[in-house]
Amino acid sequence: AWLRIAAAPYELEHVQQAQPSWSANELPVLRSHTRALGPHELYDHLREAGIDADANLSPVQRADAAAWASLVEERLGVAILFAFWAEDENYETVLRSAYAARLAIPLCFYVPWTMRKRVLSQLARRGALANGAAYRIGADALEALNTRLAGRTAFFDSGPSGVDACAFAHLDLLLRCPLPRDSLRAKLRSYPDLVAYVEAFSRRYFDNFEPIVPTPQTDHRLRPPALTGRPAGFPYAWDEAAASSTDAGAQPCASSSRTPKQQRFKRRSRNAVFGALGAALMYAFATDMVHKEEDYEDYDADDE
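Fair warning: this is a prediction, and the values are worked out from it, not measured in the lab. (Residues numbered from 1 in each chain as written. Predicted model: local features only at pLDDT ≥ 70, side-chain atom pairs only at ≥ 80, totals over all residues. Heavy atoms only, no water.)

> Residue-level account of the overall build of the protein, with values.
Of the regular secondary structure elements, the protein holds 11 helices and 2 strands. Secondary structure elements of the protein, listed N to C terminal, follow the sequence α-β-β-α-α-α-α-α-α-α-α-α-α. Classification of the 304 residues of the protein by burial places 35% in the buried group. Expressed as a percentage of contacts within the protein between residues at least 6 apart in sequence, the contacts between residues at least 24 apart total 67%. A total of about 18500 Å² of accessible surface is found on the protein, and carbon and sulfur atoms cover 55% of it. (Helix = DSSP H or I, 4+ residues; strand = E, 2+ residues; numbered from the N terminus. Buried < 20%, exposed > 50% of the residue type's maximum accessible area, 1.4 Å probe, protein only. Contact = heavy atoms within 4.5 Å. Areas by Shrake-Rupley, 256 points an atom, 1.4 Å probe, with all protein chains shown as cover.)

> Residue-level account of the side chain of Asp-164, with values.
Tracing the chain through its elements places Asp-164 in helix H7 (residues 162–176). Despite its burial, Asp-164 pairs with no opposite charge, the nearest such side chain being Arg-152 at 7.6 Å. If we skip the residues at most four places from it in the chain, Asp-164 touches Ile-5, Ala-154, Phe-155, Gly-159, Tyr-197 and Phe-201. (Lys, Arg positive; Asp, Glu negative; His and termini not counted. Salt bridge = Lys/Arg side-chain N within 4 Å of Asp/Glu carboxyl O.)

> Now, about the packing of aromatic side chains: what can you tell me, with residues and values included?
The tally for this structure, following the rule as stated, stands at 8 aromatic pairs. Note on Trp-85 and Tyr-99: the rings are 6.3 Å apart at their centroids and 40 degrees apart in plane angle, and the pair reads as tilted. Placement of the pair is Trp-85 in helix H3 (residues 59–86) and Tyr-99 in helix H4 (residues 88–102), with a sequence separation of 14 residues. Geometrically, the ring pair formed by Phe-168 and Phe-201 is stacked, given 4.4 Å between the ring centres and 25 degrees between the ring planes. Taken as a pair, Phe-168 in helix H7 and Phe-201 in helix H9 (residues 192–205) lie far apart in primary sequence, 33 residues in all. One aromatic cluster is present, formed by Phe-168, Phe-201, Tyr-205 and Phe-206 through successive ring pairs. Positioned above the aromatic ring of Tyr-91 is the side chain of Arg-116, whose terminal nitrogen or guanidinium carbon lies 4.3 Å from the ring centre. Sitting above the plane of the Phe-156 ring, Arg-148 keeps its charged end 5.3 Å from the centroid. (Phe/Tyr/Trp six-rings, centres within 6.5 Å; stacked < 30°, edge-to-face > 60°. Lys NZ or Arg CZ within 6 Å of the ring centre and 35° of its normal.)

> Would you mind going over the nonpolar core in detail, with residue names and values included?
Ranked by internal contacts, the top residues of the largest apolar core, which has 60 residues, are Leu-76, Phe-84, Leu-142, Leu-145, Phe-155, Leu-171 and Leu-194. Tallying contributions element by element places H3 first for this core, with 13 residues. Beyond its immediate sequence surroundings of up to four residues, Leu-171 is in contact with Leu-76, Leu-142, Leu-145, Leu-188, Leu-194, Tyr-197 and Val-198. (Core = buried A, V, L, I, M, F, W, Y, C linked by side-chain atoms within 4.5 Å.)

> Describe the packing of H3 against H4, with residues and values.
For the pair H3 and H4, interaxial distance at closest approach is 6 Å and the crossing angle is 80 degrees. Between H3 and H4, the interaxial angle falls into the category roughly perpendicular. Listed contacts from H4 to Ala-83, Phe-84, Trp-85 and Ala-86 of H3 are Asp-88, Asn-90, Tyr-91, Leu-95 and Tyr-99. Considering only residue class, the contact of H3 with H4 consists of 7 nonpolar, 1 polar and 1 charged. (Axes fitted to C-alpha atoms, helices over the stretch in contact; angles between N-to-C directions. Parallel < 35°, antiparallel > 145°, perpendicular 65-115°, else oblique. Nonpolar A, V, L, I, M, F, W, Y, C, P; charged D, E, K, R; others polar.)

> Can you break down the confidence of the model for the protein residue by residue, with the values?
Across the protein, the average pLDDT comes to 76, with 69% of residues at or above 70. Within the model, pLDDT remains below 50 along residues 218–256, and this stretch shows 46 contacts once partners closer than five positions in the same chain are excluded. Scored below 50 in pLDDT, residues 292–303 shows 0 contacts in the model against residues more than four places distant or in partner chains. (pLDDT = per-residue confidence, 0-100.)

> Any chance you could break down a nonpolar patch on the surface for me, citing the residues and the numbers?
Taken together, the side chains of Ile-105, Phe-109, Val-273, Phe-274 and Leu-277 make up a nonpolar region of the molecular surface, amounting to roughly 490 Å² of accessible area. Considering each element in turn, the nonpolar patch owes the most residues, 3 residues, to helix H11 (residues 260–303). For Phe-109, the location among the structural elements is in helix H5 (residues 107–125). (Patch = residues over 30% accessible without salt bridge, like charges linked within 9 Å, V, L, I, M, F, W, Y side chains within 5 Å.)

And the structure:
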């Protein structure tokens, strides 16, 4: 969104075709010539290169924009982190499933667990894990944003700027990502002006308004078991006929979307796991034999 507001040309590279040395914890990554820039240094680099989404703002407006961006990131961002990572049902149904479907073994097990542990530690330091504190913070931020953006298409009359990209990123995530426990999204939907702001921004700069992550209708790996039914509170309808037809045409394996390097890494990871299990079994067997031999020697010595 920031790059599109600044009218900067760029090419989008899917994460599955990205360099394997890039961490899954540090996305998005901007590759500029020979440099790979993470989210923390991306904007400073672009400004140094003369690409600035806030070029039309006055010094007073820049200060105002910084204050609103801080509200979005530090208040609404905390509530979003809680909704995605601290809510067990949301984490198990959406996040962990999405990571497991796109990362090779053993990263599909390790990365989601590590990221969740880090987020929960961050939320605990901010006192946002108990008594609905995170949702109260998020609700206050949404109310403030609705007051500011009511009847507007941007924070400032000069047009969209960096703070609009920041607000859109957080609000759009809430609207488009399906969560079983979506009280924060329900709060956002209670403000029609905010919803209209997000949809107008999306149509202007992205020409669409589609879900961020696959839903059970489009990805068979996210569907509930046939015998247990859908999880309680799912915010979308379940169509059994559509599910059956999709199953018939579903691909048996998602490995075809991986690059050859990723397929080799998956094979080597699997072989390493099997090798480690085999070594552990051999060690246990050898240790047991040594103990038995020592027992026999002790028995012979007693007889003598």
